[in-house]
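# Summary of structural features
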Amino acid sequence: MEHAYSRLLLLFSVVALCLGNHSVRCELTYDYYEESCPHLYTIVQQHVFAAMRAEMRMGASLLRLHFHDCFVNGCDGSILLDGSDGEKFAQPNLNSVRGYEVIDAIKADLESVCPEVVSCADIVALAASYGVLFSGGPYWDVLMGRKDGLVANQSGADNGLPVPFEPIDSIIQKFNAVGLNTTDVVVLSGAHTIGRARCALFSNRLSNFSTTDSVDPTLDASLADSLQSLCAGGDGNQTTDLDVSSADVFDNNYYQNLLAEKGLLSSDQGLFSSPEGIANTKDLVQAYSDDGEQFFYDFVWSTIKMGSIPLTGSDGEIRKNCRVVN
């Protein structure tokens with residue numbers, strides 16, 4: 001009964017969003033593949049579970065793949081396209097975004113049981129949800145019915161995706177540009193409760209930080225020492241946990257870390273400690289650090305909003321191979 005009530009609340013919220021925002025793709029439904037591909041959920045579950053059993057981090061990677069897809073051209077699977085001008089080779093994605101092989105394997109199985117039915121974009125969205133669930137996070141019914149885009153947008157990825165070095169105001173503006181608000185910034189940043197990051201993304205905080213500070217003063221001193229040891233002499237590709245408290249568990253420890261100045265990325269700690277964060281996001285960080293259930297509920301809602309970012313331009317197709325257009 002509780003699950004049904006929560007689902008009903010989310011459904012009403014999506015309907016309200018559709019009525020009030022023409023940019024949302026309101027043709028998405030919960031039962032889109034109920035008759036055309038009833039094995040979809042079992043196949044995606046099995047592949048994501050197996051991938052995470054081999055490497056728990058893959059849950060975070062699949063969630064990030066969905067995020068980086070939706071922010072460029074809408075949630076259209078364009079990040080999956082191969083080619084030197086593809087989004088996967090944009091600066092925020094290169095040597096960073098992962099999980100392509102998992103999507104390929106899911107697509108191959110689906111093509112054998114319901115060929116040319118399930119879009120790659122929907123596979124990415126559903127795989128991300130299971131990545132969260134199998135990490136201990138909330139369950140939600142994923143809205144389906146996306147189409148696959150016909151072109152990638154490398155420049156859009158280079159310019160539109162938030163990056164860890166940006167001030168919070170700039171990140172908020174990039175979220176606003178795709179129909180997401182400041183609450184969504186804080187909520188979706190909470191995805192960093194799972195996963196890892198490369199030294200190249202936070203080493204700017206460890207030395208020559210400013211004219212007055214060698215190390216970022218909003219970074220816990222003991223954490224800074226351990227990160228300096230990790231990254232010293234490397235090529236920037238060494239990785240460490242985004243959440244120092246519970247790296248593989250989807251929970252609200254991410255926000256509690258920010259209160260203790262243990263956010264790994266500048267864009268994480270900035271939500272609580274930067275002047276822009278103090279003005280716009282600090283109160284939300286405090287709220288989610290106190291209330292994990294509220295974080296779970298808001299995360300589901302923000303992810304549904306993000307997953308409904310519309311395609312731009314063509315209506316798209318159902319790709320047979322997620323890496324190339326038909």
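None of these values were measured; they are calculated from a predicted model. (Residues numbered from 1 in each chain as written. Predicted model: local features only at pLDDT ≥ 70, side-chain atom pairs only at ≥ 80, totals over all residues. Heavy atoms only, no water.)

## Remarks on a nonpolar patch on the surface
On the surface, a cluster of nonpolar side chains totalling about 230 Å² of accessible area is made up of Leu150, Val151 and Val325. Looking at the element boundaries, Val151 is found in the loop between α5 (120-133) and α6 (154-160). For Val151, a relative accessible area of 53% gives the class exposed. (Patch = residues over 30% accessible without salt bridge, like charges linked within 9 Å, V, L, I, M, F, W, Y side chains within 5 Å. Areas by Shrake-Rupley, 256 points an atom, 1.4 Å probe, with all protein chains shown as cover. Salt bridge = Lys/Arg side-chain N within 4 Å of Asp/Glu carboxyl O. Helix = DSSP H or I, 4+ residues; strand = E, 2+ residues; numbered from the N terminus. Buried < 20%, exposed > 50% of the residue type's maximum accessible area, 1.4 Å probe, protein only.)

## A closer look at the nonpolar core
Residues Leu40, Leu80, Ile103, Ile106, Leu110 and Phe299 are the most contacted members of the largest nonpolar core, which totals 72 residues. Among the elements that take part in this core, α5 stands out by supplying nine residues, more than any other. Apart from residues no more than four positions distant in its own chain, Phe299 is found in contact with Leu63, Val132, Trp140, Val187, Leu188, Ala191 and Phe250. (Core = buried A, V, L, I, M, F, W, Y, C linked by side-chain atoms within 4.5 Å. Contact = heavy atoms within 4.5 Å.)

## Digging into the UniProt feature "binding site: Ca(2+) 2" (unreviewed entry) in the chain
Mapped onto this numbering, the UniProt entry gives "binding site: Ca(2+) 2" (unreviewed entry) at Thr193, Asp243 and Asp251. Taken together, the annotated residues stretch across 59 residues yet fold into one region, lying no more than 9.8 Å apart by C-alpha. Here Thr193 shows up in the loop between α8 (182-189) and β1 (196-198). Of the residues examined, Thr193 reaches a relative accessible area of 0% and is grouped as buried. For Thr193, the residues in contact, after removing those within four places along its chain, are Asp243, Ser246, Ala247, Val249, Phe250, Asp251 and Tyr254. Here Asp251 shows up in the loop between β2 (239-241) and α10 (253-259). Setting aside residues up to four positions removed in sequence, Asp251 forms contacts with Thr193, Asp243, Ser246, Phe295 and Phe296. (UniProt positions renumbered as here; feature names shortened; annotations may be inferred.)

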